[in-house]
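The primary structure of each chain is shown beneath.
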Amino acid sequence: MPPDAHSPLRTCRYTRRVTAPETFSVARGSIGELFWKITEAVVVCEPGRVVAWNPGAEAMLGMTALEASNPDADLHPAFGNATKEFWELVEAGTGVARLETTGGSERVLEARAWPLDGDEASLILVVLRDLTAEWRHMAGLQRLNVLARELLGESSLDVLLVRIVDAAKELARADFSALLLLKEGSKDEVTNFVYNAPRELFPERLPRAVGLLAVPIQSASVARIDDIRGHVAGVGIPVEHPPIAALLAVPILLGERVVGELAVANTPDRLAFDDIDEALMSELAAHAAITLSLVTAREAQEHVQETRRVLIDVAMRNIRTPLTVAQESLAAVRGQAEGLSEEERNGPLEAVERALERIEALTEGSLLDEHTPAGGTPVQELGPIDVHELVAELCEEFGGRRPDVTVEVSVKDGFSAPFRCDRRLVRELLDSLVSNAVKHSPAGEVVTVTVRLEGSSIRFDVSDRGSGIPPDEQGRIFEQFYRTAQSVADGVPGTGLGLWIARRLADLQDATVGVSSRTGQGSTFWASFPLQPVGTTAVPPPPA
């Protein structure tokens, strides 16, 4: 081994023939033998030319000693853009330099030079050490540290996944990268799939974690394959995929649970992935696991907050309706108290009483109150519902909502027997449909509530003669906060919650809601309840 920079080999004498570098030898000692046998890359130079280099240098730099020693030799393939720095070090005769061979072999080399006294001229001994892996690892870790801070501030899961995939492609210098997340509790069902590759190279559907893609998930360990072509597990790669050979896939772990997978791949003309690629991908997967858990928790918290806000809107809306009824009924009694009979006074007062009972029920146990988990199902109180009584209440309550709009009721097929359901939930659902119809009806028109048997269900149709809903908007009409373009243009008040509430209430009762509408000819919203609801548990009514 060459001595360190503080002990130059001034006592060694060399005999050389510049026309035949292979005959380069040392007159005494064992350094000449070491020159040819050690694995380190050793180069002997004089200013402006290479005298010889050993097999270690030949393997590292990709040129034979004879090629390199040619007076006109171009060392750019070996040293790339660092060729100038290499010759400056030789000219100086001693020192240390870091050679970034960008444009040549894409390596980082450490070069140490010592002067040697030769018979004909002073020679320079240069020992080269490949630092590429160390520098790549260090640079990658530095990049990951910066990325980790950036990812912690990301609030969108979709954006986070894209950033992780882009970072994987950058760190591994790969042609393609991809990330998949698994459905909780599943080993192969994918919920998210993000990739950095041309879109046309992937199928429309989500992949399944099978074959090679399943290896990191099933084993919770890294899968590194130099060439997947012909691999026994290659059937797991989708039929439509980029042309790849080298594959590196690492699991994304939360504790001991595999929640996803991060993968990079190269085209067949590229090199396989190495230990540094594996180390960096494993580090990135660890960062991904932490940030994914934080973003998921953050999104869940935001969902809870949004749900609470919606629940407040729902509660306010549900309370506002009976309050309006109570206020209008009391106003009617006050305005005509002296001229009304006892029977005429009792009607509005009973309406007030019913409205106050509804408000009390809402405040004591809201349809979607804080005791109900977000997206959960409140306990239903099943009991017989008198259809005639129910629709009469609707007609009475909404008949006075707009004096210029009439609410009529029609019970078909002589339907008279009560049906079993949660009266509070049914009433809230129908309130939403009737309120929507009244709000969108032109002055002087009629809203019709029709009840009929339909197979083993009871169906309520609420029809108006408003402007109708265009076909391209009917599919979204039950979405939360959605309002039709015509409603917005006409200045119809609303929040876009009424029909969303109706659908939510239907889901809670195994019921269905829908709409039939033609532009300019009005709309019919319907709700269908099974006569014997499935999947609910009867709760006896409270004692009178």
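Residues numbered from 1 in each chain as written. Predicted model: local features only at pLDDT ≥ 70, side-chain atom pairs only at ≥ 80, totals over all residues. Heavy atoms only, no water.

The subject of this paragraph is the pattern of salt bridges. Within this structure, the stated rule accounts for 25 salt bridges. Its salt-bridge partner being R224, residue E278 comes within 2.8 Å of it at the nearest N-O pair. Here R224 lies in strand β10 (residues 223–225) and E278 lies in helix α9 (residues 275–335), a separation of 54 residues in the sequence. Of the residues examined, E278 reaches a relative accessible area of 26% and is grouped as partly exposed. R224 gets classed as partly exposed once you look at its relative accessible area, which sits at 33%. With its nearest N and O atoms 3.1 Å apart, the salt bridge here joins E393 to R423. Placement of E393 in helix α11 (residues 387–399) and of R423 in helix α12 (residues 423–439) is noted, with a sequence separation of 30 residues between them. (Salt bridge = Lys/Arg side-chain N within 4 Å of Asp/Glu carboxyl O. Helix = DSSP H or I, 4+ residues; strand = E, 2+ residues; numbered from the N terminus. Buried < 20%, exposed > 50% of the residue type's maximum accessible area, 1.4 Å probe, protein only.)

So, on to the packing of α12 against helix α15 (residues 498–508). Helix-helix packing is described using two parameters, namely the angle between the two axes and the distance between the axes. Between α12 and α15, the shortest axis-to-axis distance is 9 Å and the interhelical angle comes to 150°. Here α12 lies roughly antiparallel to α15, going by the angle between them. Viewed along their axes, α12 and α15 form a crossing whose handedness is left-handed. Seen from α12, the contacting residues are L425, E428, L429, S432, L433 and N436; seen from α15, they are G498, L499, I501, A502, L505 and A506. Split by residue class, the contact of α12 with α15 holds eight nonpolar, three polar and one charged. (Axes fitted to C-alpha atoms, helices over the stretch in contact; angles between N-to-C directions. Parallel < 35°, antiparallel > 145°, perpendicular 65-115°, else oblique. Left-handed = near helix turned anticlockwise from the far one by under 90°. Contact = heavy atoms within 4.5 Å. Nonpolar A, V, L, I, M, F, W, Y, C, P; charged D, E, K, R; others polar.)

Turning next to the sheet that holds β10. If you walk across this open sheet you meet the five strands as β9-β8-β12-β11-β10, and the pairing is antiparallel. On the outer flanks of this sheet lie β9 (190–196) and β10, each paired with one strand and no other. Recorded for the sheet is a direction-independent mean angle of 15° between the axes of neighbouring strands. As defined by bridge partners, strand β8 (residues 176–182) adjoins β9 across six bridges and the pair is classed as antiparallel. Bridged to L182 within β9 is V190. (Pairing = 2+ DSSP bridges.)

This part is about the environment of H76. Mapped onto the elements of the fold, H76 is located in helix α4 (residues 76–79). According to the relative accessible area criterion, H76 is partly exposed, its value standing at 33%. Placed 27 residues apart in sequence, H76 and G103 show a C-alpha to C-alpha distance of 8.2 Å.

Here we come to the nonpolar core. Of all hydrophobic cores here, the largest spans 41 residues; its most connected members are F419, V426, L429, L433, F460, F525 and F529. Elements supplying a minimum of two residues to this core: α11, β15 (419–422), α12, β16 (446–454), β17 (457–464), α15, β18 (512–517) and β19 (523–530). At eight residues, α12 tops the list of elements feeding residues into this core. Filtering out sequence-adjacent residues up to four positions away, V426 remains in contact with I385, L390, F419, C421, Q509 and F529. (Core = buried A, V, L, I, M, F, W, Y, C linked by side-chain atoms within 4.5 Å.)

Further remarks concern the environment of A92. Looking at the secondary structure, you find A92 in helix α5 (residues 83–92). Residues A92 and P47 lie 45 residues apart in sequence; the distance between their C-alpha atoms is 8.9 Å.

The geometry of helix α6 (residues 132–152) relative to helix α7 (residues 157–171) is characterised by a closest axis approach of 11 Å and an angle of 170° between their N-to-C directions. In terms of orientation, α6 and α7 fall into the roughly antiparallel class. Note on element contacts: α7 touches α6 through L160, R163, I164, A167, E170 and L171, opposite R136, G140, R143, L144, L147, E150 and L151. Looking at the contact of α6 with α7 residue by residue, the class counts come to seven nonpolar, one polar and five charged.

Of all six residues making up strand β3 (residues 41–46), six are buried, and the element is well covered by its neighbours. Both faces of β3 are covered, namely the face carrying A41, V43 and C45 and the face carrying V42, V44 and E46. In this structure, β3 lies alongside strand β7 (residues 122–130), joined through five bridges in antiparallel fashion. Bridge pairing links C45 to I124 in β7. As judged from the four bridges shared by β3 and strand β4 (residues 49–53), these two strands associate in the antiparallel manner. The residue bridging V43 from the neighbouring strand is W53, located in β4. Connecting the antiparallel pair β3 and β4 is a turn made up of two residues, with G48 showing a positive phi of about 95°.

This brings us to α12. Note on helix geometry: an α-helix contains 3.6 residues per turn, so any two residues three or four positions apart are oriented the same way. Compared with an ideal rise of 1.5 Å per residue, which puts 17 residues at 24 Å, α12 spans 24 Å between its outermost C-alpha atoms and is within 8% of the ideal. With 14 of 17 residues buried, α12 lies mostly within the body of the structure. For α12, the side-chain oxygen to backbone nitrogen distance between the N-cap and R424 is 3.0 Å, and the N-cap itself is D422. (Expected span 1.5 Å × (residues − 1). Polar contact = N/O pair within 3.5 Å; in protein donor to acceptor, adjacent residues only side chain to side chain.)

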